[in-house]
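So you can see what is in the structure, the chains are spelled out below.
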Amino acid sequence: MILRRLYETNGWKYAEYQTTWPYGWDFILDAVQEIIDIDLLKSDAEVRFAVREVAGAPMQEITDEVEEAEYDLRDCETLQSEWGVLMITGVSPILKNIQIQVELYNQTGMLRIGTTSAEIFDESENALTTYICSMEIKAYCADTERRVIEAIRNGEYEEEE
């Protein structure tokens, strides 16, 4: 992942990244699922979710619906259709229990991670980059596993003799 820029707005400090490879909606769901499962659900803090059609459009909160789906994004009816942006906000035990917000932009290869704890940028300029790169790798693994399982179920792989 390549860090494109750092900036502050409304008390939040953001880092924008270009992903290693372009991605689409399925990858976004896999990436956010990894962030939920590996990190944010390990905290007692509420995890919030929102979507929007395109960058700059109003956000539509879907936290209640994701909770009803027991945090399985693929079981969330709203997320079964593609959106322009998926945002998740929560407290990260991996990052010393700081509040983070991650936005993934569909079909762009761009994501943004923000925090109200600007000191994480001072402590280690690589902390957020290491975090988000690790999540990208986990997401690509999950995405690949999901695709292979789906292909096997659909009979796209035949046994070799």
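Predicted, not measured: the structure shown is a model, and the values here were computed from it.

S.K.: What's the story with the overall build of the protein in this structure? I'm lost.
M.R.: The helix and strand inventory of the protein stands at 4 helices and 7 strands. The N-to-C order of helical and strand elements in the protein reads β-β-α-β-β-α-β-β-β-α-α. The principal-axis extent of the C-alpha atoms belonging to the protein is close to 60 × 35 × 30 Å. Per-residue burial for the protein yields a buried fraction of 51% across its 161 residues. Within the protein, residue pairs in contact and separated by at least 24 positions form 59% of the contacts whose partners lie at least 6 positions apart. Looking at the protein, you have 13 positive and 34 negative side-chain charges, and the mean spots of the two groups are 7 Å apart.

S.K.: I tried to follow the pattern of salt bridges on my own but got confused; where do I start?
M.R.: One pass over the structure, following the stated rule, counts 7 salt bridges. We note a salt bridge from Arg74 to Asp26, for which the minimum N-O separation is 3.2 Å. Of this pair, Arg74 sits in the loop between α2 (63-68) and β5 (85-92) while Asp26 sits in helix α1 (residues 25-38), and the two are 48 residues apart along the sequence. Accessibility expressed as a relative area gives 30% for Arg74, which makes it partly exposed. A relative accessible area of 34% places Asp26 in the partly exposed class. Between Arg48 and Glu61 there is a salt bridge, with its nearest N and O atoms 2.5 Å apart. Residue Arg48 is found in strand β3 (residues 48-52), and its partner Glu61 is found in strand β4 (residues 60-61); the two are separated by 13 residues along the sequence. A single salt-bridge network, built from bridges that share partners, covers Asp26, Asp30 and Arg74.

Parameters at a glance
Residues numbered from 1 in each chain as written. Predicted model: local features only at pLDDT ≥ 70, side-chain atom pairs only at ≥ 80, totals over all residues. Heavy atoms only, no water. Helix = DSSP H or I, 4+ residues; strand = E, 2+ residues; numbered from the N terminus. Buried < 20%, exposed > 50% of the residue type's maximum accessible area, 1.4 Å probe, protein only. Contact = heavy atoms within 4.5 Å. Lys, Arg positive; Asp, Glu negative; His and termini not counted. Charge placed at Lys NZ, Arg CZ, Asp CG, Glu CD. Salt bridge = Lys/Arg side-chain N within 4 Å of Asp/Glu carboxyl O.

None of this, on its own, says anything about what the molecule does.
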